[in-house]
Amino acid sequence: MNNAAQMRLTLKNNKLTNAAVLLFGKNPQKFFITAEIRCVLFHGNEIGKPAPAYQIYKGTVFEQVDRAVDFVLSRINVSVGDRRASVDVPVTYEIPRAAITEAIVNAVAHRDYTSAGSVQVMLFKNRLEVWNPGHLPYHLPVGKLKKPHSSFPANPLLAETMYLAGYIERLGTGIRDMIKACKNAGLKEPDFVQEEIFRSVIWRNTTQKTTQKTTQKTTQKTTQKIPERILELLQDNPQLNRKEIADALGDITENGVKYHLERLKRDRIIKRIGGDKGGYWKIINK
(Lines give C-alpha, C1' and ligand atoms only; values in the text may rest on other atoms or scores of the structure.)
Protein backbone atom coordinates (compact mmCIF):
# COMPACT_ATOMS: atom_id res chain seq x y z
CA MET A 1 0.00 0.00 0.00
CA ASN A 2 1.48 3.37 -1.01
CA ASN A 3 1.72 6.40 1.26
CA ALA A 4 -1.23 8.15 -0.35
CA ALA A 5 -3.44 5.10 0.20
CA GLN A 6 -2.27 4.85 3.81
CA MET A 7 -3.08 8.49 4.51
CA ARG A 8 -6.50 8.15 2.88
CA LEU A 9 -7.21 5.09 5.00
CA THR A 10 -5.97 6.29 8.36
CA LEU A 11 -6.75 9.99 8.49
CA LYS A 12 -9.77 12.11 7.72
CA ASN A 13 -9.74 15.68 9.03
CA ASN A 14 -6.72 14.62 11.10
CA LYS A 15 -8.73 11.86 12.77
CA LEU A 16 -8.63 8.09 12.40
CA THR A 17 -11.17 6.73 9.95
CA ASN A 18 -13.65 4.06 11.01
CA ALA A 19 -12.00 1.70 8.52
CA ALA A 20 -8.61 2.15 10.20
CA VAL A 21 -10.11 1.25 13.58
CA LEU A 22 -11.79 -1.86 12.17
CA LEU A 23 -8.71 -2.96 10.25
CA PHE A 24 -5.92 -2.23 12.71
CA GLY A 25 -7.42 -1.16 16.05
CA LYS A 26 -6.46 -3.00 19.24
CA ASN A 27 -10.08 -3.28 20.31
CA PRO A 28 -12.43 -2.28 17.46
CA GLN A 29 -15.47 -3.53 19.40
CA LYS A 30 -14.98 -0.69 21.88
CA PHE A 31 -16.22 1.62 19.12
CA PHE A 32 -18.27 -0.83 17.02
CA ILE A 33 -19.97 -3.20 19.45
CA THR A 34 -21.49 -5.46 16.80
CA ALA A 35 -18.35 -5.63 14.63
CA GLU A 36 -17.98 -9.36 15.18
CA ILE A 37 -18.67 -12.66 13.44
CA ARG A 38 -20.91 -15.23 15.11
CA CYS A 39 -20.25 -18.79 13.93
CA VAL A 40 -22.54 -21.70 14.71
CA LEU A 41 -22.82 -25.35 13.70
CA PHE A 42 -26.22 -27.09 13.56
CA HIS A 43 -27.05 -30.81 13.59
CA GLY A 44 -29.47 -30.72 10.67
CA ASN A 45 -30.81 -28.40 7.98
CA GLU A 46 -32.72 -26.01 10.24
CA ILE A 47 -31.79 -23.65 13.04
CA GLY A 48 -32.32 -25.51 16.30
CA LYS A 49 -30.96 -26.15 19.76
CA PRO A 50 -28.65 -27.38 21.03
CA ALA A 51 -25.96 -26.02 18.75
CA PRO A 52 -22.93 -28.32 19.13
CA ALA A 53 -20.48 -25.52 18.33
CA TYR A 54 -20.84 -21.77 18.74
CA GLN A 55 -18.13 -19.12 18.65
CA ILE A 56 -18.06 -15.31 18.58
CA TYR A 57 -14.98 -13.82 16.95
CA LYS A 58 -13.91 -10.26 17.68
CA GLY A 59 -10.73 -8.30 16.96
CA THR A 60 -9.75 -6.72 13.65
CA VAL A 61 -11.67 -7.64 10.52
CA PHE A 62 -8.64 -9.66 9.38
CA GLU A 63 -8.67 -11.70 12.60
CA GLN A 64 -12.42 -12.20 12.39
CA VAL A 65 -12.28 -13.47 8.81
CA ASP A 66 -9.37 -15.84 9.47
CA ARG A 67 -11.04 -17.39 12.51
CA ALA A 68 -14.44 -17.68 10.87
CA VAL A 69 -12.96 -19.41 7.82
CA ASP A 70 -11.08 -21.82 10.10
CA PHE A 71 -14.32 -22.51 12.01
CA VAL A 72 -15.95 -23.73 8.78
CA LEU A 73 -12.93 -25.60 7.40
CA SER A 74 -12.47 -27.54 10.64
CA ARG A 75 -16.05 -28.82 10.46
CA ILE A 76 -16.47 -29.90 6.84
CA ASN A 77 -15.14 -32.95 5.02
CA VAL A 78 -11.63 -32.83 3.64
CA SER A 79 -9.92 -35.23 1.25
CA VAL A 80 -6.16 -35.72 1.36
CA GLY A 81 -4.22 -37.01 -1.63
CA ASP A 82 -0.67 -38.36 -1.85
CA ARG A 83 2.75 -37.14 -2.94
CA ARG A 84 2.89 -38.88 -6.32
CA ALA A 85 2.62 -35.59 -8.24
CA SER A 86 4.29 -33.23 -5.77
CA VAL A 87 6.09 -33.09 -2.44
CA ASP A 88 3.09 -31.12 -1.17
CA VAL A 89 0.12 -33.25 -0.17
CA PRO A 90 -3.01 -32.00 -2.00
CA VAL A 91 -5.88 -31.15 0.31
CA THR A 92 -9.41 -30.66 -1.02
CA TYR A 93 -12.25 -29.33 1.13
CA GLU A 94 -15.83 -30.24 0.23
CA ILE A 95 -16.58 -26.50 -0.03
CA PRO A 96 -13.74 -24.63 -1.75
CA ARG A 97 -11.80 -22.48 0.69
CA ALA A 98 -11.94 -19.60 -1.82
CA ALA A 99 -15.75 -19.67 -1.83
CA ILE A 100 -15.96 -19.72 1.97
CA THR A 101 -13.49 -16.86 2.29
CA GLU A 102 -15.20 -14.79 -0.40
CA ALA A 103 -18.61 -15.11 1.26
CA ILE A 104 -17.27 -14.10 4.68
CA VAL A 105 -15.08 -11.28 3.37
CA ASN A 106 -18.01 -9.90 1.36
CA ALA A 107 -20.16 -9.87 4.48
CA VAL A 108 -17.49 -8.04 6.49
CA ALA A 109 -16.63 -5.53 3.76
CA HIS A 110 -20.19 -4.73 2.71
CA ARG A 111 -22.13 -4.88 5.98
CA ASP A 112 -23.84 -1.96 7.67
CA TYR A 113 -21.70 -1.13 10.71
CA THR A 114 -24.45 1.06 12.16
CA SER A 115 -26.71 -1.98 12.41
CA ALA A 116 -27.32 -3.75 15.72
CA GLY A 117 -26.83 -7.05 13.91
CA SER A 118 -23.61 -9.01 13.41
CA VAL A 119 -22.25 -11.10 10.58
CA GLN A 120 -23.40 -14.69 11.11
CA VAL A 121 -21.81 -17.82 9.66
CA MET A 122 -24.04 -20.87 9.99
CA LEU A 123 -23.03 -24.36 8.92
CA PHE A 124 -25.89 -26.78 8.33
CA LYS A 125 -25.84 -30.38 7.20
CA ASN A 126 -26.70 -29.39 3.62
CA ARG A 127 -25.38 -25.82 3.29
CA LEU A 128 -23.33 -22.92 4.58
CA GLU A 129 -25.09 -19.59 5.11
CA VAL A 130 -23.39 -16.24 5.67
CA TRP A 131 -25.69 -13.46 6.90
CA ASN A 132 -24.76 -9.85 6.38
CA PRO A 133 -26.63 -7.02 8.17
CA GLY A 134 -26.65 -4.84 5.08
CA HIS A 135 -28.36 -4.20 1.77
CA LEU A 136 -27.33 -4.21 -1.86
CA PRO A 137 -27.15 -0.81 -3.61
CA TYR A 138 -30.52 0.11 -5.16
CA HIS A 139 -29.00 -0.05 -8.65
CA LEU A 140 -27.60 -3.57 -8.08
CA PRO A 141 -30.47 -6.02 -7.55
CA VAL A 142 -29.82 -9.67 -6.66
CA GLY A 143 -30.53 -10.73 -10.25
CA LYS A 144 -27.47 -8.82 -11.50
CA LEU A 145 -25.02 -10.25 -8.98
CA LYS A 146 -24.24 -13.31 -11.10
CA LYS A 147 -23.54 -11.18 -14.17
CA PRO A 148 -20.53 -8.88 -14.77
CA HIS A 149 -21.03 -5.75 -12.70
CA SER A 150 -19.09 -2.90 -11.19
CA SER A 151 -18.07 -2.87 -7.55
CA PHE A 152 -20.19 -0.74 -5.21
CA PRO A 153 -18.76 -1.48 -1.74
CA ALA A 154 -20.70 -0.15 1.22
CA ASN A 155 -17.37 0.40 2.97
CA PRO A 156 -14.90 1.29 0.19
CA LEU A 157 -11.87 1.79 2.45
CA LEU A 158 -12.41 -1.63 4.03
CA ALA A 159 -12.91 -3.29 0.65
CA GLU A 160 -9.86 -1.64 -0.92
CA THR A 161 -7.58 -2.59 1.96
CA MET A 162 -8.79 -6.21 2.04
CA TYR A 163 -8.21 -6.35 -1.71
CA LEU A 164 -4.66 -5.00 -1.31
CA ALA A 165 -4.05 -7.50 1.50
CA GLY A 166 -5.08 -10.38 -0.77
CA TYR A 167 -8.38 -11.22 0.90
CA ILE A 168 -10.30 -10.21 -2.22
CA GLU A 169 -9.05 -11.34 -5.63
CA ARG A 170 -10.43 -8.52 -7.79
CA LEU A 171 -12.99 -5.89 -6.90
CA GLY A 172 -16.37 -6.61 -8.49
CA THR A 173 -15.71 -10.28 -9.38
CA GLY A 174 -16.22 -11.95 -5.99
CA ILE A 175 -19.67 -13.42 -6.60
CA ARG A 176 -18.72 -14.86 -9.98
CA ASP A 177 -15.47 -16.24 -8.54
CA MET A 178 -17.49 -17.91 -5.77
CA ILE A 179 -19.90 -19.45 -8.28
CA LYS A 180 -17.05 -20.72 -10.45
CA ALA A 181 -15.23 -22.28 -7.48
CA CYS A 182 -18.38 -24.11 -6.36
CA LYS A 183 -19.17 -25.38 -9.87
CA ASN A 184 -15.60 -26.62 -10.30
CA ALA A 185 -16.00 -28.54 -7.04
CA GLY A 186 -19.17 -30.20 -8.33
CA LEU A 187 -21.47 -28.21 -6.07
CA LYS A 188 -24.78 -26.58 -6.87
CA GLU A 189 -24.61 -22.90 -7.77
CA PRO A 190 -24.75 -20.68 -4.65
CA ASP A 191 -27.86 -18.64 -3.92
CA PHE A 192 -28.01 -15.00 -2.86
CA VAL A 193 -31.02 -13.56 -1.07
CA GLN A 194 -31.80 -9.97 -0.05
CA GLU A 195 -34.37 -9.74 2.73
CA GLU A 196 -33.99 -7.71 5.91
CA ILE A 197 -30.40 -8.95 5.70
CA PHE A 198 -28.30 -10.25 2.80
CA ARG A 199 -27.65 -13.99 2.71
CA SER A 200 -25.10 -16.01 0.77
CA VAL A 201 -25.99 -19.70 0.59
CA ILE A 202 -23.33 -22.21 -0.44
CA TRP A 203 -24.67 -25.72 -0.90
CA ARG A 204 -22.88 -28.83 0.29
CA ASN A 205 -22.87 -32.07 -1.70
CA THR A 206 -24.73 -34.36 0.68
CA THR A 207 -25.00 -37.24 -1.83
CA GLN A 208 -21.35 -37.41 -2.88
CA LYS A 209 -19.49 -40.58 -1.89
CA THR A 210 -15.78 -40.07 -2.06
CA THR A 211 -13.31 -42.93 -2.41
CA GLN A 212 -10.35 -40.80 -1.44
CA LYS A 213 -8.66 -41.14 1.92
CA THR A 214 -10.30 -38.66 4.25
CA THR A 215 -8.63 -37.24 7.27
CA GLN A 216 -10.57 -37.81 10.45
CA LYS A 217 -8.59 -35.44 12.65
CA THR A 218 -11.13 -32.64 12.33
CA THR A 219 -14.29 -34.41 11.22
CA GLN A 220 -14.22 -36.79 14.18
CA LYS A 221 -14.96 -33.79 16.38
CA THR A 222 -18.65 -34.09 15.54
CA THR A 223 -21.56 -34.36 17.92
CA GLN A 224 -21.82 -38.15 17.83
CA LYS A 225 -18.25 -38.35 19.19
CA ILE A 226 -18.57 -35.72 21.90
CA PRO A 227 -20.03 -38.02 24.62
CA GLU A 228 -17.07 -40.40 24.25
CA ARG A 229 -14.63 -37.50 24.49
CA ILE A 230 -16.40 -36.17 27.58
CA LEU A 231 -16.15 -39.60 29.22
CA GLU A 232 -12.42 -39.75 28.48
CA LEU A 233 -11.94 -36.37 30.15
CA LEU A 234 -13.99 -37.35 33.19
CA GLN A 235 -12.12 -40.61 33.53
CA ASP A 236 -8.86 -38.67 33.91
CA ASN A 237 -10.33 -35.83 35.97
CA PRO A 238 -13.84 -36.43 37.38
CA GLN A 239 -13.92 -33.00 39.05
CA LEU A 240 -14.06 -31.05 35.78
CA ASN A 241 -16.93 -28.57 35.49
CA ARG A 242 -18.85 -27.72 32.31
CA LYS A 243 -16.66 -24.75 31.41
CA GLU A 244 -13.47 -26.75 31.86
CA ILE A 245 -14.85 -29.55 29.68
CA ALA A 246 -15.86 -27.07 26.96
CA ASP A 247 -12.41 -25.45 27.05
CA ALA A 248 -10.72 -28.85 26.82
CA LEU A 249 -12.82 -29.99 23.85
CA GLY A 250 -12.48 -26.67 22.07
CA ASP A 251 -15.33 -27.14 19.59
CA ILE A 252 -18.42 -27.04 21.81
CA THR A 253 -20.07 -24.47 24.04
CA GLU A 254 -20.72 -24.80 27.75
CA ASN A 255 -24.44 -25.24 26.99
CA GLY A 256 -23.53 -28.02 24.56
CA VAL A 257 -21.55 -29.77 27.29
CA LYS A 258 -24.53 -29.43 29.65
CA TYR A 259 -26.78 -31.07 27.06
CA HIS A 260 -24.47 -34.09 26.66
CA LEU A 261 -23.91 -34.45 30.40
CA GLU A 262 -27.67 -34.54 30.95
CA ARG A 263 -28.03 -37.24 28.30
CA LEU A 264 -25.23 -39.29 29.85
CA LYS A 265 -26.93 -38.96 33.24
CA ARG A 266 -30.31 -39.91 31.76
CA ASP A 267 -28.75 -42.98 30.12
CA ARG A 268 -27.23 -43.91 33.51
CA ILE A 269 -23.69 -43.78 32.20
CA ILE A 270 -22.56 -41.16 34.70
CA LYS A 271 -23.92 -39.63 37.87
CA ARG A 272 -23.06 -36.57 39.90
CA ILE A 273 -21.66 -37.08 43.37
CA GLY A 274 -22.01 -33.94 45.48
CA GLY A 275 -22.91 -30.42 44.38
CA ASP A 276 -21.65 -28.24 41.58
CA LYS A 277 -18.81 -27.06 43.81
CA GLY A 278 -16.68 -29.70 45.44
CA GLY A 279 -18.48 -32.59 43.75
CA TYR A 280 -17.36 -34.92 40.99
CA TRP A 281 -18.62 -37.14 38.19
CA LYS A 282 -18.73 -40.90 38.62
CA ILE A 283 -18.71 -43.12 35.54
CA ILE A 284 -21.20 -45.91 36.11
CA ASN A 285 -20.98 -47.76 32.84
CA LYS A 286 -18.65 -47.14 29.94
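This one's a predicted model, so the numbers in the text were calculated from it and none came from an experiment.

Undergrad: Would you mind going over the nonpolar core with me for this structure?
TA: As a rule of thumb, soluble globular proteins bury nonpolar side chains together. Ile100, Ile104, Leu128 and Met162 are the most contacted members of the largest nonpolar core, which has 51 residues in total. Ignoring any residue separated from it by four or fewer positions in sequence, one finds Ile104 in contact with Ile37, Val65, Ala68, Val69, Val121 and Val130. Formed by 14 residues, the second largest nonpolar core is a distinct cluster that contains Leu234, Val257, Leu261 and Ile270.

Undergrad: I keep staring at the environment of Pro50 and nothing clicks. Help me out?
TA: Assignment of secondary structure puts Pro50 in the loop between strand 3 (37-41) and strand 4 (53-57). Each C-alpha atom, one on Pro50 and one on Lys258, is 9.8 Å from the other, the two residues being 208 residues apart in sequence.

Undergrad: Which parts of the structure should I look at to understand the packing of helix 7 (residues 226-236) against helix 9 (residues 254-266)?
TA: Geometrically, a packed helix pair is captured by the angle between its two axes and the distance between the axes. Close contact between helix 7 and helix 9 brings their axes to 10 Å; oriented N to C, the two are set at 85°. What the angle tells us is that helix 7 and helix 9 run roughly perpendicular. Touching Ile226, Pro227, Ile230, Leu231 and Leu234 of helix 7 are His260, Leu261 and Leu264, all from helix 9. For the contact of helix 7 with helix 9, the per-class residue count stands at seven nonpolar, one polar and no charged.

Undergrad: I would appreciate a short explanation of the packing of helix 7 against helix 8 (residues 242-249) in the present structure.
TA: Helix 8 packs onto helix 7 with a crossing angle of 115° between their chain directions and a minimal axis gap of 11 Å. Overall, the two elements helix 7 and helix 8 adopt an arrangement that is roughly perpendicular. The element helix 7 and its partner helix 8 pack so that their crossing is right-handed. Across the interface between the two elements, Ile226, Arg229, Ile230, Leu233 and Leu234 of helix 7 pack against Ile245, Ala248 and Leu249 of helix 8. Of the residues in the contact of helix 7 with helix 8, the class split is seven nonpolar, no polar and one charged.

Undergrad: Explain the side chain of Thr17 here, please?
TA: Structurally, Thr17 can be placed in the loop between strand 2 (15-16) and helix 2 (18-24). Only 3.1 Å separates the side chain of Thr17 from the backbone nitrogen of Ala20, close enough to count as a polar contact.

Undergrad: How should the sheet that holds strand 3 be read in this particular structure?
TA: Hydrogen bonding along the main chain pairs the strands of a sheet, whether they run parallel or antiparallel. Overall, mixed pairing links the six strands, which are arranged 4-3-7-8-10-9 in an open sheet. The sheet is open, and its two borders are formed by strand 4 and strand 9 (191-194), each paired with just one other strand. The average angle at which neighbouring strand axes cross in this sheet is 15°, direction not considered. Here four bridges tie strand 7 (residues 119-123) to strand 8 (residues 127-132), and the two strands are oriented antiparallel to one another. Its bridge partner being in strand 8, Val121 is matched across the sheet by Val130. This element, helix 4 (residues 97-110), spans strand 3, strand 7, strand 8 and strand 10 (198-203) of the sheet and lies at about 15° to strand 8.

Analysis parameters
Residues numbered from 1 in each chain as written. Predicted model: local features only at pLDDT ≥ 70, side-chain atom pairs only at ≥ 80, totals over all residues. Heavy atoms only, no water. Core = buried A, V, L, I, M, F, W, Y, C linked by side-chain atoms within 4.5 Å. Buried < 20%, exposed > 50% of the residue type's maximum accessible area, 1.4 Å probe, protein only. Contact = heavy atoms within 4.5 Å. Helix = DSSP H or I, 4+ residues; strand = E, 2+ residues; numbered from the N terminus. Axes fitted to C-alpha atoms, helices over the stretch in contact; angles between N-to-C directions. Parallel < 35°, antiparallel > 145°, perpendicular 65-115°, else oblique. Nonpolar A, V, L, I, M, F, W, Y, C, P; charged D, E, K, R; others polar. Left-handed = near helix turned anticlockwise from the far one by under 90°. Polar contact = N/O pair within 3.5 Å; in protein donor to acceptor, adjacent residues only side chain to side chain. Pairing = 2+ DSSP bridges.

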